[in-house]
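# Fold and contact review
In case you want the letters, here they are:
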Amino acid sequence: QAKELGRNQYRFFTESLHDQLQAYIRFSREMPKALETNSFILEYQPQVSLKTGAIIGVEALVRWDHPELGIVSPQRFISVAEETGFIVPLGRWVLKTACKTLKHLALHQMSHIKVAINLSSRQFRDPNLLTMIRQMLQEYDVDPACLELEITESLLMHDIGLAIETLKELQALGITIAIDDFGIGYSSFNYLKTLPINVLKVDREFIKDIPDHLDDMEITAAMISMAHRLGMTVVAEGIETQVQQVFLEEHHCDIGQGYLFSRPIELSKLMVLLTKQDAK
Ligand code: C2E
Ligand code: MG
Ligand code: MG
Ligand code: MG
C-alpha cells in the first residue's frame, strides 16, 4: 500500500496540466458522493513521549478509498477540496469521526490519549467553526482537553486579528492548538510571538537529513529550545531512524511522530497497540 501511495504521488507531481485539470474535475465531482457512501477513512498515527516511550496521542489523517483508484492520499485531494469548498463538510466529517474515536477511547479507559486533527484555512475562516466544534464535543461527550487542532502558518495570513480571536476562543473551550509544519512558511517568529499556541510541530524537512546535515541539527535544536522558552510543547515530525530519535531526546524534544514508531494505522490496530502498552 505504501508503494501504491508513493507511485500515485509521483504520478501526481509529474502529470501534465491537462491530467491535473482532469483530476480536479473528477475529484470535485466525486468527493461529495464519496462522503455519502462513507468512502473516506481516518487513520491514526501515534505520537510518542520521548521521555517515557509511551503513546500519548495520535494524529488523525484522512484517506479516500476510491472504487477505481484505490486508496488516494490526502496530498492529492485536500487541495481540490479546499478550492471547491468541499473541505468544510469533509472537515466536519473528520472532526465527528475523531470525536467518536475519543469517545471510544474513553470507554476503554484510554481517556489520557489525545487526538489531533488538521484544520485547513477554509475551515478556519468558516464562521460556524466554533459552534460546530462546541456541538460536536457535547454530542459525543468529549473532554476538550483531549482534542488538538493543527493549524499551519498559511492559515494565519488572511486575517491575523481574526485568527488570534478564534484561537483564543478555542483555547478557552479547553482545546489544544498546535502549529504544524513549523519552519517552512513565512514570518514564523512573529506568529509565535502573537499567537496563542500550545504545541510546535517541527517539520519533517528539518528531521529527515539528521545526522548528515549539521545545519538541520543546529536549527532543530534551536527551535526546540526557543519553543520551550515560550512555554510550548515540541513534537518532531517524520522520525524514521533511531539516530534521529536519540538526537531529539538529547535535545529535550517532548514528543516524536514518524514511521520509526508507527505509520498511520486504522483504529482497530491502534486499539491493539494501546492495549499492549497498558498491559506493560
Ligand atoms: P501533515 O499534517 O504534516 O501530516 C503528516 C504527514 O507526514 C502525513 O502524510 C504522514 O503520513 C506523513 N508522515 C508521518 N511520519 C512520516 C515519516 O516518518 N516519513 C515520511 N516520509 N512521512 C511521514 P499524509 O497522511 O499523506 O498527509 C499529508 C497532509 O495532508 C497532512 O500533512 C495534512 O496537511 C493533510 N491532511 C491529512 N489529513 C487531513 C485532514 O483531515 N484535514 C486537512 N485539512 N488536511 C489533512
Ligand atoms: Mg498535521
Ligand atoms: Mg505536519
Ligand atoms: Mg509536513
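Residues numbered from 1 in each chain as written. Chains lettered and ligands numbered in written order. Predicted model: local features only at pLDDT ≥ 70, side-chain atom pairs only at ≥ 80, totals over all residues. Heavy atoms only, no water.

## Some remarks on the state of the cysteines
For the record, the criterion: Pairs of cysteine sulfur atoms within 2.5 Å are what we label disulfides.
Applying the stated criterion across every chain yields a total of 0 disulfides. We note that Cys146 lacks a disulfide partner, and the nearest cysteine sulfur, in Cys99, lies 10 Å from it.

## Some points on the confidence of the model for the chain
Reading fine detail from the predicted coordinates is not recommended where pLDDT is low. Spelled out, the test is: Per-residue confidence from the prediction method is given by pLDDT, with values spanning 0 to 100. Throughout, a contact is declared for two residues whenever any of their heavy atoms are within 4.5 Å.
The predicted model of the chain has a mean per-residue pLDDT of 92, with 94% of residues at 70 or higher. Across residues 1-8, confidence stays below pLDDT 50; counting only partners more than four residues off in sequence or on other chains, it has 8 contacts. Scored by ipTM, the complex comes to 0.98, with pTM at 0.94.

## Structural notes on the packing of helix H6 (residues 129-139) against helix H7 (residues 160-172)
Note the cut-off: To get an axis, fit a line to the C-alpha atoms, keeping to the stretch in contact for a helix; angles then go from 0 to 180 degrees between the N-to-C directions. Elements are defined by DSSP. Helices are runs of H or I of four residues or more, strands are runs of E of two residues or more, and each kind is numbered from the N terminus. If an angle is under 35 degrees, it is roughly parallel; if it is over 145, roughly antiparallel; if it lies from 65 to 115, roughly perpendicular; otherwise it is oblique. The hand of a helix crossing depends on one turn: near helix anticlockwise from the far one by less than a right angle means left-handed, and clockwise means right-handed.
Packing of H6 against H7 leaves a shortest axis separation of 11 Å and a crossing angle of 15°. As the angle between them shows, H6 and H7 are arranged roughly parallel. The handedness of the crossing between H6 and H7 is right-handed. Contact residues: H6 offers Leu129, Leu130 and Ile133, while H7 offers Thr166, Glu169 and Leu170.

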